[in-house]
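# Examination of the molecular architecture
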Amino acid sequence: MTSGLWELVLKGIWITVQLLVLSALLAAAVSFVVGVARTHRLWIVRFLAGLYTEVFRGTSALIMIFWVYFVLPPAFGWQLVPLWAGTLALGLTYGAYGSEIVRGALNAVDPAQKEGGIALSFTPWQRMRLILLPQAVPEMIPPFSNLLIELLKGTALVSVIGMGDLTFSANLVRLALQQSAEIYTYILLIYFVIAFLLTRVMRGLEKKLKAGVGKAPERKVTVPEPVGTGVGGGVA
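Attention in this report is confined to the structure presented alongside it. (Residues numbered from 1 in each chain as written. Predicted model: local features only at pLDDT ≥ 70, side-chain atom pairs only at ≥ 80, totals over all residues. Heavy atoms only, no water.)

The next point concerns helix α6 (residues 124-154). In this model, α6 (31 residues) spans only 36 Å end to end at C-alpha, well below the 45 Å of a helix rising 1.5 Å per residue. The largest bend in α6 comes to about 50°, at L132, with the proline P134 one to four residues further on. (Helix = DSSP H or I, 4+ residues; strand = E, 2+ residues; numbered from the N terminus. Expected span 1.5 Å × (residues − 1). Bend = angle between axes of the 7 residues up to and from the residue.)

Here you go:
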């Protein structure tokens, strides 16, 4: 490829990374707000949070992108740029999946921990902040890591609204060179590298958080065998 085409691909990678970061931040915020709401003591709060989760989990992310970009703006008299439309659609969609991760992790905390907070006269917010979340968050990291990889692959959907992400740029390069196999192989490798780096970062974060609550994996210590005590031997 020429330098100009490589520059187009690099620009697509940068746009994909921007979209991934912005939509991941939105999805994380939605996940925690809705996930915590699904454990609320008021049934109406749980119902509304559950309704949101079911609606967005049961809706195609691609159709949601179309709806946010083509349907929502005219209703309010304004237009979203593709980056923000993609961020909103992906963040809300994947946030619904993430909310189930948060809910499950919070419900998995030992009930005795919650009872201890009540015995100490902690408010619900204090129990959530000081007891439940510190123990639940490390358990959320592995499923959140998988969800982040799915979100990375979902960013390719924004190419349908003309956003110059990695997939869109690769398709332009393919049309220019008429080399489908080579170009799409490059793109597969680029997505794999980004996903691999994300996985390593999330694993490091998981280890750090688990160490903070005393759940770091124990290191195996090998004790050397005393000299001269092997089979058939004796101490001289």
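Below, the discussion takes up the packing of aromatic side chains. Under the definition given, this model contains 7 aromatic pairs. Taking 4.5 Å as the distance between ring centres and 40° as the angle between the ring planes, the aromatic pair formed by Y52 and F56 counts as tilted. Of this pair, Y52 and F56 both sit in helix α2 (residues 43-57), 4 residues apart, roughly one helical turn. No difference in accessibility class separates Y52 from F56, as the two residues are buried. Ring centres of F66 and F70 lie 6.0 Å apart, and the angle between their planes is 35°; on these two criteria the pair is classed as tilted. (Phe/Tyr/Trp six-rings, centres within 6.5 Å; stacked < 30°, edge-to-face > 60°. Buried < 20%, exposed > 50% of the residue type's maximum accessible area, 1.4 Å probe, protein only.)

Our next topic: helix α3 (residues 61-76). Its 16 residues give α3 an end-to-end C-alpha distance of 22 Å, which sits within 8% of 22 Å, the value for a rise of 1.5 Å per residue. Roughly 35° is the biggest bend found in α3, and it falls at W67. Among all positions of α3, only A61, M64, I65, V68, Y69, L72 and P73 are buried. Of the surrounding secondary structure, the elements contacted by the buried residues of α3 are α2 and α4 (82-107). The positive-phi residue at the C-terminal boundary of α3 is G77, with phi of around 80°. (Contact = heavy atoms within 4.5 Å.)

Take it as geometry only, folks, not as evidence of what the structure does.
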